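Per-entry structural report
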Amino acid sequence: MSNPANHEKVRQSLRDMGDWAKKTAEDAAVMVEQAARKVEEAIARARAGKAGERPQGAALGPRRAVRAAGRPSAARSLGNPGAIPACPRRGGG
């Protein structure tokens, strides 16, 4: 009742999915590290500002201040070629 060709096809699909998951996780880790570095740099710049003077972007609120420091908005990142790729088995791409 078992079909060896079908088993091999399933095994290959699982290998492909595993490769995609590994690459996607690595890409996500790089993006998180880059974002953390940008936040650290923004905090350092804000601390280096003159006492009693608002750091640039501080009046915008915490989320907008981070965006002003270099984090792209969700709308702008949708077309980002560095974004996490879609799963090849799901037809995304």
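Residues numbered from 1 in each chain as written. Predicted model: local features only at pLDDT ≥ 70, side-chain atom pairs only at ≥ 80, totals over all residues. Heavy atoms only, no water.

**Section: the pattern of salt bridges**
Tallied over the entire structure, the rule returns three salt bridges. Across the pair Glu8 and Arg15 runs a salt bridge whose closest N-O atoms are separated by 2.9 Å. Classification of Glu8 as partly exposed rests on a relative accessible area of 38%. Here Arg15 falls in the partly exposed class, since its relative accessible area comes to 40%. Overlapping salt bridges, with partners in common, bring together Glu8, Arg11 and Arg15 in one network. (Salt bridge = Lys/Arg side-chain N within 4 Å of Asp/Glu carboxyl O. Buried < 20%, exposed > 50% of the residue type's maximum accessible area, 1.4 Å probe, protein only.)

**A closer look at helix α1 (residues 4–48)**
The terminal C-alpha atoms of α1, which comprises 45 residues, lie 66 Å apart, in line with the 66 Å expected from a rise of 1.5 Å per residue. Between the side-chain oxygen at the start of α1 and the backbone nitrogen of Ala5 there is a gap of 3.1 Å, and the oxygen is on Asn3. (Helix = DSSP H or I, 4+ residues; strand = E, 2+ residues; numbered from the N terminus. Expected span 1.5 Å × (residues − 1). Polar contact = N/O pair within 3.5 Å; in protein donor to acceptor, adjacent residues only side chain to side chain.)

**Quick notes on the side chain of Thr24**
Residue position: Thr24 is located in helix α1. Polar contacts involving the side chain of Thr24 include one to the main-chain carbonyl oxygen of Trp20, which spans 2.8 Å.

**Some thoughts on the confidence of the model for the protein**
When pLDDT is averaged along the protein, the result is 76; 52% of the residues meet or exceed 70. Highest mean pLDDT in the protein belongs to α1 (95); lowest belongs to helix α3 (residues 74–77) (47). Counting interchain partners and residues more than four positions distant, the pLDDT-below-50 stretch residues 74–78 has three contacts. (pLDDT = per-residue confidence, 0-100. Contact = heavy atoms within 4.5 Å.)

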